[in-house]
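# Coordinates in review
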Amino acid sequence: MFPHSSCWPRPRFRSYFTVLALLVLGLTGCGSEPRVETGYGVVAGKRDGNVLEYLGIPFAQPPLGDLRWADPMPPQAWDGVLDAKYKGDACIQWATGIPAFTPSEDCLTLNIWVPEGEGPHPVMFWVHGGAHAAGSSNELQYDGRKLARAQNVIVVSANYRLLVSGFFALPALGTAAALKGNQAIKDLQAALRWVHEEIAGFGGDPNNVTVFGESAGSTNTCALLASPKTHSPQRLMHKAIMQSGACDTLGIMTLEEAQQEGMNLLAELGCLEAAEPLQCARALSIESIRDPVKFGLWPSFVWLLEEWPFRPGLVVDGDVFPADPVELVAENRGYEIPVLLGTNLNEGSLFTGFLAHPDDAEGYAALMEQRHPGQGEDIVEHYPFDDYPTPGEAHAALRGDYIMKCPTLNMARRYSQFNNVWMYSLEQAPFSVVMEAISLGFKQNPPELGVFHTADIGYLFEFPLLSAVLSQADRTVRDLFQQAWGNFARSGNPNGEGVPEWHAFDADLNNYLVISGQPENRDDFRQGACDYWFQAGYGF
């Protein structure tokens, strides 16, 4: 039975006139489509088996015209019934390579999957990845239906503005006030406020919201955890799951650095010398702003941050982040928000495969010095050429540590001082039609894909083109991901029915659960390598 009714969640009637209006619309009878009354109007979803879907619901006004780069504004109410049967447009894609459908600036929508059964259900709020430059909640692999059904949770996914749209800062120019960036994080906070206010009408528990994300989505999950505005005046999140990313994975900028990045782009667009530079930029088509910036996503994975045409990153703006986000999450602010986090065994394969690697040890050492000036000898010592089948494999081990694993371990060490943490390493290599095709573009002496970056998504959401479930080991991994994530959403602890004993993280042990066909607890996660990067500095 679906929440409140066999037809749809119970509308929250506020007056006799609302009841009358709904009667006229036919909402009080058992119709062919589920409908819910929100604070902005009625939405009509659809059934997909024993899950109800409400897709493409606006949680903010379209950021168009004078709202381009502005803080998200609450959505405007609508008359009649909003058709919520199809996902909304993706946000503007600044990198190519992900099949995000119909990109548009009018993109601030969310999707809801509601399971069968009486609520209130735990809510799992998904944040997509894409290096802050691409991706959207409408991608096929992020369909929340199977996870909602398997774990009896409500799954929500939301779009947010990307790269130039989502991390654009400027000093005060002309008569315009300064822009401080972090529009993407403000979008996600706006979506969480919408969930806090409206999810009860869909059968969800607004006081049990788990934010989970992967890659840039994991970085943004960490950002939401760090920002005081996520926790006050309303508490918008209660648990966090971070898959392959931490607050500093994609870099953190000072406000001055971010504003300089914005001015550099204005100069390239011919607007910096205008009497009103911001107005000039807002008057341009989004295509003309995108043209000098756009790039291929997969080749960019081998870049260093300074090589990006527009640098992404969280901005210490004195508002969303009054201090460095890493320092904010390391403070004991009394929120008592448990964290589950981890990485995949071969995170670095996608981050090195598109770079040609030399054949010999001398060339490998020269490449490491070129990529990391002044650190080449240290890198060769920690990642010796002879220890790996190809130089691409050695470089992939380095990049996996540098970008994903060491930021994750640092987060676990610091956050576990005052909150419960569980850490994992996915070590079951799936067959992936998608990644096999993408890896056809790998260059000379590449690494094997292995347990590649994003492999966890295919298991969690049961998307076989990304991570095919072909063996009993694959089924074990899929079931463990879904059950542990569901347990965590319900109780704040991944342990429970269907999950082998998973020891909480201890900073003295650097312990973690290996997620594979034969799960096991281990100690000393990448300790030697990460100790080096903690001293030398890590990140994209």
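Above this note sits the structure.
Read on for an overview of the structure. As a convention, each chain's residues are numbered from 1 in the sequence order in which they are written. Totals for whole chains, interfaces and linings use all residues, but because this is a predicted model, local features are given only for residues with pLDDT of at least 70 and pairs of side-chain atoms are given and counted only at 80 or more. To get the side-chain values, take all heavy atoms of the structure and skip hydrogens and water.

## Describing the overall build of the protein chain
Our working definition: The secondary structure listing takes helices from DSSP runs of H or I that are at least 4 residues long and strands from runs of E that are at least 2 residues long, numbered from the N terminus. Here the globule rule reads 2.2 Å times residues to the power 0.38, and the radius of gyration is calculated from C-alpha atoms. Remark: exposure states derive from per-residue accessible area (1.4 Å probe, protein chains only) relative to the maximum for the residue type, with buried under 20%, exposed over 50%, and partly exposed in between. Any two residues having at least one pair of non-hydrogen atoms within 4.5 Å are treated as being in contact. Per-residue accessibility takes into account occlusion by the displayed protein chains alone, with areas from the Shrake-Rupley method and a 1.4 Å probe. Residues counted as positive are Lys and Arg, residues counted as negative are Asp and Glu, and His and the chain ends are not counted. To locate a charge, take NZ of a lysine, CZ of an arginine, CG of an aspartate or CD of a glutamate.
Across its full length, the protein chain holds 17 helices and 20 strands. Against the globule reference of 24 Å for 540 residues, the protein chain gives a C-alpha radius of gyration of 23 Å, in line with a compact fold. Each principal axis of the C-alpha atoms in the protein chain carries an extent, and together these give about 80 × 65 × 45 Å. A buried classification covers 60% of the 540 residues belonging to the protein chain. The long-range fraction of contacts in the protein chain, counting pairs at least 24 apart against all pairs at least 6 apart in sequence, stands at 76%. Carbon together with sulfur atoms contributes 50% to the accessible area of the protein chain, which is approximately 19,600 Å² in total. Charged side chains of the protein chain number 35 positive and 64 negative; the gap between the two group centres comes to 9 Å.

## Comments concerning the side chain of H453
Put simply, the test is: Pairs of N or O atoms are called polar contacts if they sit within 3.5 Å, as long as, within protein, a hydrogen donor faces a hydrogen acceptor (for residues adjacent in sequence, only side-chain-to-side-chain pairs).
In this structure, H453 sits in the loop between α14 (433–438) and α15 (455–460). According to the relative accessible area criterion, H453 is buried, its value standing at 1%. A polar atom in the side chain of H453 sits 3.5 Å from the side chain of E214. At 2.7 Å, the side chain of H453 forms a polar contact with the side chain of E347. Residues within four places of H453 in sequence aside, it is in contact with E214, S215, S244, N344, N346, E347, L350, F351, M404 and M435.

## Remarks on the nonpolar core
Rules: We define the nonpolar core as a collection of buried residues of types Ala, Val, Leu, Ile, Met, Phe, Trp, Tyr and Cys that are connected through side-chain atoms lying within 4.5 Å of one another.
In terms of nonpolar packing, the biggest core is built from 162 residues, with Y54, I112, F125, V164, F202 and W485 touching the most fellow members. Ranked by the residues each element gives to this core, the list is headed by helix α13 (residues 391–415), at 10 residues. Counting 5 residues, the second-largest nonpolar core is a separate cluster that includes A169, M253, A258 and V315.

## Section: the sheet that holds strand β20 (residues 520–522)
Here is the rule: Criterion used throughout: strands pair if DSSP finds at least two bridges between them. A fitted line through C-alpha atoms serves as each axis, taken over the contacting stretch for helices, and the angle formed by two N-to-C directions is quoted from 0 to 180°.
Ordered in space as β3-β4-β7-β9-β8-β12-β13-β17-β18-β19-β20, the 11 strands form an open sheet in which the pairing is mixed. Strands with a single pairing partner mark the edges of an open sheet, and in this sheet they are β3 (46–48) and β20. Within the sheet, the average angular offset between the axes of one strand and its neighbour, ignoring direction, is 25 degrees. Both strand β17 (residues 339–344) and strand β18 (residues 421–426) contribute to a ladder of 6 bridges, which runs parallel.

## What to know about a negative patch on the surface
What counts here: Candidate patch residues must exceed 30% relative accessible area and have no salt bridge, after which like charges are joined if within 9 Å and Val, Leu, Ile, Met, Phe, Trp or Tyr side chains if within 5 Å. Every case where a carboxyl oxygen of Asp or Glu lies within 4 Å of a side-chain nitrogen of Lys or Arg is listed as a salt bridge.
Taken together, the side chains of E369, E377, D378 and E381 present a region of like negative charge at the surface. Sorting elements by how many residues they give to the negative patch places helix α12 (residues 376–382) first, with 3 residues. Topologically, D378 is positioned in helix α12. D378 gets classed as partly exposed once you look at its relative accessible area, which sits at 33%.

## Things to note about the state of the cysteines
To keep things clear, this is the line we draw: To count as a disulfide, a pair of cysteine sulfur atoms needs to be within 2.5 Å.
Throughout the structure, instances matching the rule amount to 4 disulfides. Here C222 is linked by a disulfide to C247, with a sulfur-sulfur distance of 2.0 Å. Around the S-S axis, the bridge from C222 to C247 shows a dihedral of about -100 degrees and counts as left-handed. With C222 in helix α5 (residues 216–226) and C247 in the loop between β13 (239–243) and β14 (252–254), the pair connects residues that are 25 residues apart, well separated along the chain. Take C222: its relative accessible area is 1%, and that puts it in the buried class. Given a relative accessible area of 1%, C247 falls into the buried group. A sulfur-sulfur separation of 2.1 Å characterises the disulfide bridge that pairs C271 with C280.

## Quick word on the pattern of salt bridges
Taken as a whole, this structure holds 18 salt bridges when the rule is applied. Here K186 ties to D71 by a salt bridge, and the two come within 2.8 Å at their closest N and O atoms. Separated by 115 residues along the polypeptide, K186 in helix α4 (residues 183–198) and D71 in the loop between β4 (51–58) and β5 (81–83) bring together distant segments of the chain. Across the pair D83 and K85 runs a salt bridge whose closest N-O atoms are separated by 3.3 Å. Relative accessible area serves as the criterion here: at 45%, D83 is assigned to the partly exposed category.

## Considering the sheet that holds strand β1 (residues 35–38)
Sheet strands pair by backbone hydrogen bonding; their relative direction is either parallel or antiparallel. Here 3 strands make up an open sheet; going across it, the order is β1-β2-β5 and the pairing mixed. The open sheet has two edge strands with one neighbour each: β1 and β5. When the angles between neighbouring strand axes are averaged without regard to direction, this sheet yields 30 degrees. Bridging between β1 and strand β2 (residues 41–44) involves 4 bridges; their strand directions are antiparallel. When the bridges of β2 are listed, E37 appears paired with V42.

## A short note on unusual backbone geometry
Comment: phi is negative for the bulk of residues other than glycine, and the bulk of peptide bonds are trans. With omega at 0 degrees, the peptide bond leading from G119 into P120 counts as cis. Assignment of secondary structure puts P120 in the loop between β7 (109–115) and β8 (121–127). The omega torsion of the bond from S232 to P233 falls at 10 degrees, within 30 degrees of zero and hence cis. With respect to the helices and strands, P233 occurs in the loop between α5 and β13. Despite not being glycine, W69 has its phi angle at roughly 70 degrees, a positive value. Within the secondary structure layout, W69 lies in the loop between β4 and β5. Taking relative accessible area as the criterion, W69 reaches 3% and is therefore assigned buried.

## Topic: the pairing of β8
Convention followed: The handedness rule is simple: strands pointing away from the viewer, and a clockwise path from the first strand over the helix to the second, make the crossover right-handed.
Burial analysis of β8 places 7 of its 7 residues in the buried class, which makes it a mostly covered element. In this sheet, strand β12 (residues 204–214) lies alongside β8 in parallel orientation, the contact comprising 6 bridges. Within β12, the residue paired with V127 across the bridge is G213. With respect to chirality, the unit in which β8 leads through helix α2 (residues 145–151) into the neighbouring parallel strand β9 (residues 154–158) is right-handed.

## Notes on the packing of α4 against α5
Rule in force here: For classification, angles of less than 35 degrees are called roughly parallel, those exceeding 145 degrees roughly antiparallel, those between 65 and 115 degrees roughly perpendicular, and all remaining angles oblique. Under this grouping Gly is polar, as are all residues other than the nonpolar Ala, Val, Leu, Ile, Met, Phe, Trp, Tyr, Cys and Pro and the charged Asp, Glu, Lys and Arg.
Taken N-terminus to C-terminus, the directions of α4 and α5 make an angle of 70 degrees; their axes are 10 Å apart at the nearest point. With respect to their mutual orientation, α4 and α5 come out roughly perpendicular. Side by side, α4 and α5 meet where I185, L188, Q189 and L192 of the first sit next to N220, A223 and L224 of the second. Considered class by class, the residues forming the contact of α4 with α5 number 5 nonpolar, 2 polar and no charged.

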